[in-house]
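Topology and contacts: notes
Chain residues, written in single-letter form:
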Amino acid sequence: MSNHAPDYILCADDISVLHALHNLSKSSIVIFDCEGDALGREGGSLSIITLRVYGTTASPGTYLIDAFSISPAVLRKVIAFIVAPTPLKVVFDGRMDFTEIYFTWKVRPSIGAVLDLTLLELSSRQDSQLLETERLLYNMRPDAAMAQQQKNKRDPSKVKILIGLVRCARERKLVTYVPYVRVDHTAWLDRPLTQTQLEYAAMDALLIEKLYTHLYRLGYISIPGSSPFLWTTQTSYRFVTMWMDVRKPPIGNIYFGHCLLPLGIIDPVLPASITRRCEKCQRQLLPTAFSQGAEECHVCAILPETRFWRRPYPQSPK
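To keep things clear, this report deals only with the structure shown in the data block. These numbers come from a predicted model, not from an experiment.

Right, let's talk about the overall build of the protein for a bit. Across its full length, the protein holds 10 helices and 8 strands. Sorting the 318 residues of the protein into buried and exposed places 52% on the buried side. If you take every contact in the protein between residues at least 6 apart in sequence, the share linking residues at least 24 apart comes to 72%. For the protein, the exposed area adds up to about 15,100 Å²; of that, 55% sits on carbon and sulfur atoms.

Right under this line is the structure:
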């Protein structure tokens, strides 16, 4: 596989954006990603919207839309395209992207219009439950891990670790090499953007496309319209909209920004369900999401004991 960033078109004026939307609307599947500073969090700002025609053989097939350089009217057309029922938008952890869109433009994605590969990647792992628990314990403070094992203080089986896009690409050998790029997110607010930044955005879209193809070939993505596919898109919808009825996540609050699978996503909280409010993440969850007498859900209860956001965990078996 080629190691260089894919070709792209930087759309920094209204005409080029409208042309991009015309081409993108012809596709049944579009890769969607965003870049910005503190995206989806209080005080955050959207900078670049990346849209890629899935499976394109034409070059370039990736459009980088500069949200700072186009008119508000055309930017709203882009947002309307993103939240529209068609084409299907494929994302990798689209929570912050759609959260930023909601709190800025007050629109939600259409149910069934989003497929989040983060959840499918989790489902496809060949790890045993024991190894998943070992991964979690590996990323806890030694004293907390010992307490976890000896006293069964929390239930690790209810906690799942989500991994990042680049780590996923490396573990699954989707590319031979992904260069490490340290990104200063505040620099997304500067203009002009550097070539490194633009290539970074374009590469993310390419990796999402490769992961989609990989999971499809493994059978984890069903035929559109089938019951498994509808369940996957409904689960994706719950995932990317999880903060919209709570608040825009504050910066620096570990309960609003972590890489553990939130509860209530795979097992939905139905409108008629009896729920409790987690005092940490402030979400309404089923009683089974809490230990007896606890005010915080299983995920929030274990977060202070972990170090997973700073320390890598063991590789998945190949």
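A few words now on the pattern of salt bridges. Applying the stated rule across the entire model yields 8 salt bridges. Between Glu121 and Arg172 there is a salt bridge, and its shortest N-O distance comes to 3.3 Å. Separated by 51 residues along the polypeptide, Glu121 in helix H4 (residues 117-124) and Arg172 in the loop between helix H7 (165-171) and helix H8 (195-217) bring together distant segments of the chain. Arg172 matches Glu121 in its accessibility class, with the two residues each being buried. We note a salt bridge from Glu279 to Arg277, for which the minimum N-O separation is 3.4 Å. Classification of Arg277 by relative accessible area gives partly exposed; the value is 38%.

Take the state of the cysteines next. Under the definition given, this model contains 0 disulfides. Cysteine Cys297 remains unbridged, with the sulfur of Cys300 as its closest cysteine sulfur at 3.7 Å.

Turning next to the environment of Gly252. Checked against the element boundaries, Gly252 lands in the loop between helix H9 (227-240) and strand E7 (276-277). Placed 211 residues apart in sequence, Gly252 and Arg41 show a C-alpha to C-alpha distance of 9.5 Å.

This part is about the sheet that holds strand E4 (residues 62-66). Spatially, 6 strands are ordered E1-E4-E3-E2-E5-E6 in an open sheet, and the strand pairing comes out mixed. With partners counted over all chains shown, the strands left at the sheet margins are strand E1 (9-11) and strand E6 (114-116), one partner each. Each adjacent strand pair in this sheet contributes to an overall mean axis angle of 25°, direction not counted. Of the strand pairs in this sheet, strand E2 (residues 29-37) and strand E5 (residues 88-91) are connected by 3 bridges, and their pairing is parallel. Of the residues in E5, the one forming a bridge with Ile31 is Val90. Running over the sheet, helix H1 (residues 14-24) touches E1, E2, strand E3 (45-53) and E4 and is turned about 140° from E4. Strands E5 and E6 of the sheet are contacted by H4, whose axis makes an angle of about 40° with E6.

Reading the values: the criteria
Residues numbered from 1 in each chain as written. Predicted model: local features only at pLDDT ≥ 70, side-chain atom pairs only at ≥ 80, totals over all residues. Heavy atoms only, no water. Helix = DSSP H or I, 4+ residues; strand = E, 2+ residues; numbered from the N terminus. Buried < 20%, exposed > 50% of the residue type's maximum accessible area, 1.4 Å probe, protein only. Contact = heavy atoms within 4.5 Å. Areas by Shrake-Rupley, 256 points an atom, 1.4 Å probe, with all protein chains shown as cover. Salt bridge = Lys/Arg side-chain N within 4 Å of Asp/Glu carboxyl O. Disulfide = S-S within 2.5 Å. Pairing = 2+ DSSP bridges. Axes fitted to C-alpha atoms, helices over the stretch in contact; angles between N-to-C directions.

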